[in-house]
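Breakdown of the fold
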Amino acid sequence: MVSEREHAAQILVASNRGPVSYTVNEDGELDARRGGGGLVSGLSAIGSGAQSLWVCAALSDGDREAVRRGVGEPGVLMLDIDAAVHSDAYNGIANSVLWFVHHMLYQTPLEPVFDKEFRRQWAAYEAYNKAFAEALAQRAADGAAVLVQDYHLALVPGMLRELRPDLRIGHFSHTPWAPAEYFRMLPDDIAEQLLRGMLGADRLAFLTRRWADAFAGCCEQVVGGTGTTRTGVHGLGADADFLRERAHRPDVAERMEQLREQIGEGRRTIVRVDRTELSKNIVRGLLAYRELLEEHPEWRERIVHIALAYPSRQDLAVYREYTAEVSRVADEINAQYGTDDWTPVVVHVKDDFARSLAAYRMADVALVNPIRDGMNLVAKEVPVVSDHGCALVLSREAGAHAELGDDALSVNPYDVSGTAAALHEALTMPEAERAERTKRLAAAATALPPKQWFLDQLEALRAKDA
Ligand code: F6P
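Residues numbered from 1 in each chain as written. Predicted model: local features only at pLDDT ≥ 70, side-chain atom pairs only at ≥ 80, totals over all residues. Heavy atoms only, no water.

Quick notes on the pattern of salt bridges
Under the definition given, this model contains 35 salt bridges. Its salt-bridge partner being D189, residue R119 comes within 2.7 Å of it at the nearest N-O pair. Note that R119 is positioned in helix α4 (residues 116–139) and D189 in helix α7 (residues 188–198), a separation of 70 residues in sequence. When its relative accessible area of 38% is taken as the criterion, R119 is described as partly exposed. You can call D189 partly exposed: its relative accessible area is 41%. We note a salt bridge from K280 to D373, for which the minimum N-O separation is 2.9 Å. With K280 in the loop between β10 (268–275) and α11 (282–295) and D373 in the loop between β13 (365–368) and α14 (377–385), this pair connects stretches of sequence that are 93 residues apart. (Salt bridge = Lys/Arg side-chain N within 4 Å of Asp/Glu carboxyl O. Helix = DSSP H or I, 4+ residues; strand = E, 2+ residues; numbered from the N terminus. Buried < 20%, exposed > 50% of the residue type's maximum accessible area, 1.4 Å probe, protein only.)

In structure tokens, the structure reads:
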């Protein structure tokens, strides 16, 4: 059935966003940019000798051009799915419906609306999942292990199972999973199709027990249980070796200098680093900071809130509006409280990893207050690279809270006054306690480094009855 079987891969990863992206430069040549992240680092654990293949979608014009010119990286297969189909699947369904369901982001009096347009986009989501399933079926060796990633590809396990019953199929959710009563906002047939698609896998994995249980709860209500599919939990941790080395390179020192100049002599810092993502709750974080300045005037002129808010999913109007709201509220706080030599909120919106690490190292307090988050790696990374210890204000709705809750200051992300109080507590935490807590946070945060995280999944998928 598969002509290239002799070149077929033993381990395959499938995700919407791949490990490399291309841009066409001024001379018309393609520049490749390799991404970071847990999966890239995890996959490197199997070594270059292993026959592995990462199947991903072409996302940009540069990516599509690379596919057309036959340019690619060894071990990466980029699928040139029709741009309109990809946009309906990615922007329309994955980011505007499934992401909203799992992060519980709808303003329910008016949304969601599941109408004819939704059905049209859903057909694109099916086609896009099918393109992945077919490519994987083509390129997988007999009995190969396939690790499918995320809500973009929820139908792939079921489709692939039909095409290649011999494969070991796993699926990993990097997001939370919605509780059944929220998940069931989806039309009944769609809810069922999604769960059955996922249950085509031999094993489904999640970042925390809470999300795995929520999935099982949905299956119980919609399809009567999880059947023979196994579920597991793998809490991706921070990559300590990489972070500590990277955080001490000269470009990070340079960014620390720049930030210090913006902050001003002797001031404390409250740091947050996020993609400007609706679930990250950046606006309520700013409101909490404003309330802190209001309730505790003694902090005025003595602290600075550094908010690194990098652009995300700007094709979606609601993301653009949210990004504008972050700037508006920050400007309002600066206008209200700022003085000639004190800017209360410093916002940077240009993605810069060296600057993020600089902010991590300098932070007195890290604010991580998502509405809901699969894990949140920032919460894990800050304690690992912190120079002098950092108090962590952490939402109880972040997956990371399951592992870090004991040594963080926990907040209800909707409770702005509660968050302001936690910021005050964090700022006044005795230094020795802060240092001790940071040590324990760093240990918990690095318990399962990306390579081990990946190998554990592979091993569990291959084990017959684990
Ligand atoms: O952080 C959760 C996550 O689902 C990641 O697994 C994934 O890489 C990302 O979100 C998707 O974001 P984007 O739409 O920018 O590719």
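After presenting the structure, the write-up continues.
Concerning the layout of surface pockets
There is about 560 Å³ of room inside the second largest pocket. Along the wall of the second largest pocket there are 21 residues; nearest its centre are F100, L105, Q107, L278 and V318. Secondary-structure elements contributing two or more residues to the lining of the second largest pocket are α3 (83–103), α11 and α12 (317–337). When the residues that make up the lining of the second largest pocket are grouped by side-chain class, the tally is 13 nonpolar, four polar and four charged. Taken together, domain 1 (9–236 + 451–462) and domain 2 (240–445) each give at least three residues to the lining of the second largest pocket, which thus spans both. (1 Å grid on protein atoms, 1.4 Å probe; cavity = no way out; pocket = protein on both sides within 12 Å on 5 of 7 lines; lining within 4 Å. Points joined across faces, edges and corners; volume = space filled by probe spheres on them. Nonpolar A, V, L, I, M, F, W, Y, C, P; charged D, E, K, R; others polar. Domains from an automatic or database assignment.)

A closer look at the packing of α11 against α12
Running from N to C, α11 and α12 cross one another at 10 degrees; their axes reach a closest spacing of 9 Å. Between α11 and α12, the crossing angle belongs to the class labelled roughly parallel. Of the residues in α12, those in contact with I282, V283, L286, L287, Y289, R290, L293 and E294 of α11 are Y322, E325, V326, V329, A330, E332, I333, Q336 and Y337. Class assignment of the residues belonging to the contact of α11 with α12 gives a composition of twelve nonpolar, one polar and four charged. (Axes fitted to C-alpha atoms, helices over the stretch in contact; angles between N-to-C directions. Parallel < 35°, antiparallel > 145°, perpendicular 65-115°, else oblique. Contact = heavy atoms within 4.5 Å.)

Everything listed is a geometric property; what it means functionally is a separate question.
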